[in-house]
Amino acid sequence: MTNSTPYGSWKSAINAELLVEGSVRLAEASLVDGRYYWLESRPAEKGRSVLVQYCPKNGRRDLTPAPLSIRSKAHEYGGGSYLVHGDTVYFVLADDQRIYRMKLDSALPEAITSESDSRYADLCLDRRRNRLICIEEDDSRHGQGQEARARIIAIDLTAPLSTAPRVLAEGADFYSNPTLNPNGDQLSFLRWYHPNLPWDATELCLANLDEPGEVIDTTQVAGGGQESIFQPQWSPQGELYYVSDRNNWWNLYKLGMNDPLWKKHAEFATPQWVFGMSTFGFLNAEEILCTYTEKGLWYLARLNSQTGAHQLIQQPYCDIESLRCENGKAVLIAAGADSFPAVVSLNQPTEILDPIASSNSQALPAELFSKAQAITFTVDGREVHGFYYPPHNPHFSAPEGEKPPLIVLSHGGPTGATSAGLNLKVQYWTSRGFAILDVNYSGSTGYGREYRDRLTDKWGIYDVEDVCAGAEYLVDQGLADPERLLIKGGSAGGYTVLAALTFHNTFKAGASHYGIGELSSLAKDTHKFESRYLDKLVGPWPSAEAIYQKRSPINHVEQMNCPVIFFQGLEDKVVPPNQAETMVKALQERGIPVAHITFANEGHGFRSGDSIKMALEGELEFYSRIFAFPLAEAGPGITIENL
């Protein structure tokens, strides 16, 4: 028996506390000397990022005690923030961005970089010379109006703290992936220049080193032009492998070969928003373990590094990342359609995948979850992809004839993608009686370079048309109430939300999480990594200023006639808080119902449990009051002006 209750009013066991108290965010898995490592970002500890070790014999333990938090802020998004070698871990401390080293059986970190305006990432150990190689982002010239300087540096681990690091590469706007060959006499790395981002064009370079470790010469060996290179990695035999999109798809190559190892209409890479990303590794001298995405789903396969022979591994996951290998073993972070993201080990030759740690400690039955359904619809002749989640709760049903409210999700980036892996933030809504459409709009990754490049000069047009068309498609299918179409998104997804609400009449309400309302402000006032991002998405600044003004929702707020709720971290350096403030003020003056929720200690994306809880519960209360449906449980009591 089920209770007949209006959509949106269903009582759910998937509450905000579950996302905070029982959940962590997993990142940066690694495998060293048979032990497994990863970072856990814990909302219940205000987002503190903890390094965890798992030993098959002794179980798991936290390596970094409170209040220490590991997180690089290089490029603002960080990544590549720790490295384990032997009995020592090297890591970037979130508070001061210095690099520290610490014995694994100790809790006494020692700084190996001085206090400065630098940030560090992509740590690589030069065992031959006892030094640490890494990316440095030096922001000391910020007060002079100059952007941060990127370099590859080497830090002598035996020298005094005051010793200046040795510069191995400089001059490019950006660097990543410094990696030494097994002999230690060649250093591979990626570099790129404004206005490109790493998914637009990167150069793979090879530097020859002399015995003391000085660079003899540097040669570009792949990439450039309109080619994006991802994750250069040396094989145990000293051959260099990498992923390139030169044939429209991010496929895997060996240096010196023109054709991919496995020519496939699938992506063996993902956009390099953070340092330290990995989609393949060497199980042994000849076998590569790799993951790839095809039609929105991720797969796992073994690939012969010499012949290209491949074999798919049967496994239950649809979202895979952070894959690392060592001596016939592997670790990865994976999620299934009805299983939480988890750190997973794989052993050859059995190919058995064992979860080591879950992102959620709660044991929830699979029948609670709404399962993603891949859909494709057309917009002006172009195919667009997404995942549809029907409202689902085994204890409730809606009154006969009622159509569910639909929330369309617009992912961030906009160069990014959504996946079908279990996401409690999606299930929070579906279990209360909302339908969800998670759109991989034009410009998303996972569908080839041409699909990714659709958004060139078209941001604010194609992405907006796609999310509107997706909602209308589900209405036509009888799966959504046309009078309760909602849209939400964060960051760049928040811009798509505001543009859709301003320039189209499809949606009846929306939620912008740290979203963009004024494009020219973003072009003039954001961090280095994305400072020229809009050159490709909108047009070169300032020559294309008229286009920026035309596509900025704030300049056309008189066209927005539906309620909006804004969530904003006041320490956000990617999308400054004045973006939300300007939009809110304009809506207040126009008499449109609007709510503005700010978080004093949050940046770009919310890490604290209190913030995550308020964002979820506040948004649900906003919709319930706008559309006048009762809540199963009282909301936090947000203020909605002009209601």
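Residues numbered from 1 in each chain as written. Predicted model: local features only at pLDDT ≥ 70, side-chain atom pairs only at ≥ 80, totals over all residues. Heavy atoms only, no water.

Asks: Can you lay out helix α4 (residues 462-476) for me, pointing to particular residues and giving the numbers?
Replies: An α-helical segment advances 3.6 residues per turn. Residues three or four places apart therefore align on the same side. For α4, built from 15 residues, the straight-helix expectation of 21 Å at 1.5 Å per residue is met to within 8% by its first-to-last C-alpha distance of 20 Å. The complete set of buried residues in α4 reads Asp463, Val464, Asp466, Val467, Cys468, Ala469, Gly470, Ala471 and Leu474. Once α4 finishes, Gly478 follows within two positions and takes phi at roughly 75°, a positive value. (Helix = DSSP H or I, 4+ residues; strand = E, 2+ residues; numbered from the N terminus. Expected span 1.5 Å × (residues − 1). Buried < 20%, exposed > 50% of the residue type's maximum accessible area, 1.4 Å probe, protein only.)

Asks: Quick one: what's the story with empty space enclosed by the protein, residue by residue and with numbers?
Replies: One pass over the full model with this rule turns up four cavities of 30 Å³ or more. Within this model, the largest cavity holds a volume of roughly 110 Å³. Considering each element in turn, the lining of the largest cavity owes the most residues, three residues, to helix α7 (residues 533-537). Here the lining of the largest cavity is composed, by residue class, of six nonpolar, three polar and five charged. (1 Å grid on protein atoms, 1.4 Å probe; cavity = no way out; pocket = protein on both sides within 12 Å on 5 of 7 lines; lining within 4 Å. Points joined across faces, edges and corners; volume = space filled by probe spheres on them. Nonpolar A, V, L, I, M, F, W, Y, C, P; charged D, E, K, R; others polar.)

Asks: If you had to explain the layout of surface pockets to someone new, which residues and values would you point to?
Replies: Estimates place the volume of the second largest pocket at around 1600 Å³. In terms of lining, the second largest pocket is formed by 48 residues, of which the most central are Leu83, Arg127, Thr179, Gln233 and Arg324. Looking at the lining of the second largest pocket, the elements that each hand over two or more residues are β2 (25-32), β6 (82-85), β10 (118-126), β14 (174-180), β18 (229-234), β21 (280-282) and β25 (319-326). Grouping the constituent residues of the lining of the second largest pocket by class yields 22 nonpolar, 18 polar and eight charged.

Asks: Which residues make up the environment of Ser520, and what are the values?
Replies: Inspection of the secondary structure assignment puts Ser520 in helix α6 (residues 519-524). Judged by relative accessible area, which is 4%, Ser520 ranks as buried. Considered as a pair, Ser520 and Gly433 are 87 residues apart in the sequence and their alpha carbons are 38 Å apart. Once residues within four sequence positions are removed from consideration, Ser520 is found in contact with Trp541, Tyr548, Gln549 and Ser552. At 3.4 Å, the side chain of Ser520 and the side chain of Gln549 are in polar contact. (Contact = heavy atoms within 4.5 Å. Polar contact = N/O pair within 3.5 Å; in protein donor to acceptor, adjacent residues only side chain to side chain.)

Asks: Which residues make up the sheet that holds β6, and what values go with them?
Replies: Ordered in space as β6-β7-β8-β9, the four strands form an open sheet in which the pairing is antiparallel. Edge positions in the open sheet fall to β6 and β9 (110-111), since each of these has one partner strand only. The pairing of strand β7 (residues 88-92) with strand β8 (residues 99-103) spans five bridges and is antiparallel. Looking across to β8, one finds that Tyr90 is bridged to Arg101. (Pairing = 2+ DSSP bridges.)

Asks: I'd love a proper account of the pairing of strand β30 (residues 382-389), names of residues and values included.
Replies: One face of the sheet, then the other: side chains in a regular strand alternate in exactly this way. Most of β30 is tucked away: seven of the eight residues are buried. Relative to β30, strand β29 (residues 373-379) is paired through seven bridges, and the arrangement is antiparallel. Residue pairing in the sheet places Thr376 in a bridge with His385 of β30. Examined bridge by bridge, β30 and strand β33 (residues 435-440) share five bridges and lie antiparallel to one another. Its bridge partner lying in β33, Tyr389 is registered against Ile436.

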